[in-house]
Amino acid sequence: MTDVRHGRLSALACALAVFAIASAGAATAAPLAAELGPVVSIGESAGGYVGHLNVTPDHGPVGTAITITGTGMPAGQDIELIWTTVNGSWKAGDGEYHGRSFDPVAYRIATVKSDKSGAFSATFAAPDDFGFMHDILAQQGRRLLTQTAFNVDMTVRLLSDHGPVGTPIELEVKGIGWRELQASWMLLYDNRYTGWMSSITTHGSARVAIPAVGREGLHILEVLNSDFGSVYRNMQQSPQPDRPRFKLAFTITPGAPVLPPPAEQQLQTSVRWLLPPGDLVTTPAFSPIDRGVVTVGTGFDPGKTFKLNWTSLTGNRIIGHWEEASRTIAEAKPDASGRLEFRYHVPDDLGGNHTLWVDKGGDAKVVGTYWVAPSALPLDVARGPIGTTFKVHLKGVGWTETANIYTVVYDNGHTGYACAFNSQGDIEIFMQATGEPGWHFIDLYPAIYKGKETAPVSFRLPQLTYAVDHPAEDLPAFHFAFEVTPAVGQ
């Protein structure tokens, strides 16, 4: 049981006392707001702390029934109970990555009324929030009375613990922290490092899926913490030995393999952060390279021929130089109303946003944007004995620090990364077939190439939570399977 009757405010609560968050809040606040109540400002302990708060239990996983009891409070008065937390966001833009940011925010859990003796009791469920410590405050209007604390325990569970080779092993994680040494968690499969899990914009929750690989029988997954890229293995001897460690078992059963869909079917169906189209509107709003699209503009002089220009970047980060260049990709004449249509195929180019523009004459330009989504080609060779060379080929990979690389995972073991900027969005990876006869799985995950952040170190590592928590761009992962066949004579 935690008692902070006259203790000092935590650093977070102090920050909240001077950092009022508007009730509109960030988009990431919506789930908690629905669960807990409106966003509120934190009061000050004017005239000293009043009363005493107890919380039972003082820790537990998301959903734990928490009972707050108060004594010594102002008698017969309404008292607000406040849950403190943060909203997380990535700091990325203009092609660069600057890390992550957390803004303090507080929610009203409940309004209770003390009895004649100044006592009250209230119960609520631990919210689906970041893990580890949260302050719970009692206040009246702008006056903070006192506080206590509750620790959200981190949990990891498998949604299913068995299936044939290739079955997606789904893990649900709750209560990931946001503070130093609490926010970066690594997944291992049979002692091989697979990738890391983040929850910066998802309030401590993560869900990942990796393929079941290896022989039939029992396989072990571990979730361990590290802020330094490589997995930290002797946690019990660390400066913070109480950080949890998780061990889970998955059994590969007999049965037909679960193989990834063909590469041409692994396409994005939505992109969350599209820029407004501008005056030139293209349909569809995004696509991989070499897809037929139509760009429409209005207000052009009938009878003239106009050129549609496509803007891109060329260069790389090794020599530290790149430049913007445009080229004509289509021509069209407007109809009598001044409306024109450009029909063309998306150029083989870098992924991400590209500026489209048409010169109307007299220094007047009409501008639009188009998003190129990454795509994958089928493996050039899909089966063969150990040592067979095969190629993984991607197109439309981006150029920014958060989009210009893909990390390569073979049988749930991280093997490196490949970069697309210098090759204008084109990635070719030559790999060797290894392992016992049977199916082997190759997964390519988005990652963060580089940036200004010094801790945690998350660069050039497979981000398993790419689908909902990748900084800056929405990017897909790609999945392949290779069948290792017996050597000749076996």
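The rules we used
What you see as residue numbers is a count from 1 along each chain, following the sequence as written. Per-residue local features of the predicted model are confined to residues with pLDDT of at least 70, and side-chain atom pairs are confined, for both listing and counting, to 80 or more; whole-chain, interface and lining totals are unaffected and use all residues. To obtain the side-chain values, all non-hydrogen atoms of the structure were used and water was disregarded. Definition used in this section: a nonpolar core is a set of buried Ala, Val, Leu, Ile, Met, Phe, Trp, Tyr and Cys residues joined via side-chain atoms within 4.5 Å. For every residue, the accessible area (1.4 Å probe, protein chains only) is compared with the maximum for its type, and the residue is labelled buried under 20%, exposed over 50%, or partly exposed between those bounds. The way it works is that DSSP assigns letters per residue, a run of H or I at least four long becomes a helix, a run of E at least two long becomes a strand, and they are numbered from the N terminus. Within this document, salt bridges are pairs made up of a side-chain nitrogen of Lys or Arg and a carboxyl oxygen of Asp or Glu, the two lying within 4 Å of each other. Values of pLDDT, the confidence the predictor places in each residue, fall between 0 and 100. The contact rule is simple, with two residues in contact once any of their heavy atoms fall within 4.5 Å.

(A) Structural detail: the nonpolar core. Grouped together as the largest cluster of nonpolar side chains are 31 residues, with contacts concentrated most on Ile 169, Leu 171 and Val 223. Mapped by element, the contributors of at least two residues to this core are strand 9 (155-158), strand 11 (168-174), strand 12 (185-189), strand 14 (206-211), strand 15 (217-225), strand 16 (246-252) and strand 31 (438-446). Of all the elements, strand 16 adds the most residues to this core, at four residues. Membership of the second largest hydrophobic core comes to 25 residues, among which are Val 50, Leu 81, Trp 83 and Ala 126.

(B) Region of the structure containing the environment of Gly 396. Tracing the backbone shows Gly 396 in the loop between strand 27 (389-395) and strand 28 (405-410). As a C-alpha pair, Gly 396 and Pro 347 span 49 residues in sequence and 9.3 Å in three-dimensional space.

(C) Representation of the pattern of salt bridges in the model. According to the stated counting rule, one finds 17 salt bridges in the structure shown. For Asp 426, the salt bridge is made with Lys 395, and the minimal N-O distance between the two is 2.7 Å. Residue Asp 426 is found in the loop between strand 29 (413-419) and strand 30 (427-432), and its partner Lys 395 is found in strand 27; the two are separated by 31 residues along the sequence. Neither Asp 426 nor Lys 395 differs from the other in exposure class; each is buried. One salt-bridge network, in which partners are shared between bridges, spans Arg 157, Glu 172 and Arg 207.

(D) Quick look at the confidence of the model for the protein chain. Here the protein chain shows a mean pLDDT of 90. Residues at 70 or above account for 93%. Within the model, the stretch residues 1-30 combines pLDDT values under 50 with 61 contacts to residues more than four positions away or in other chains.

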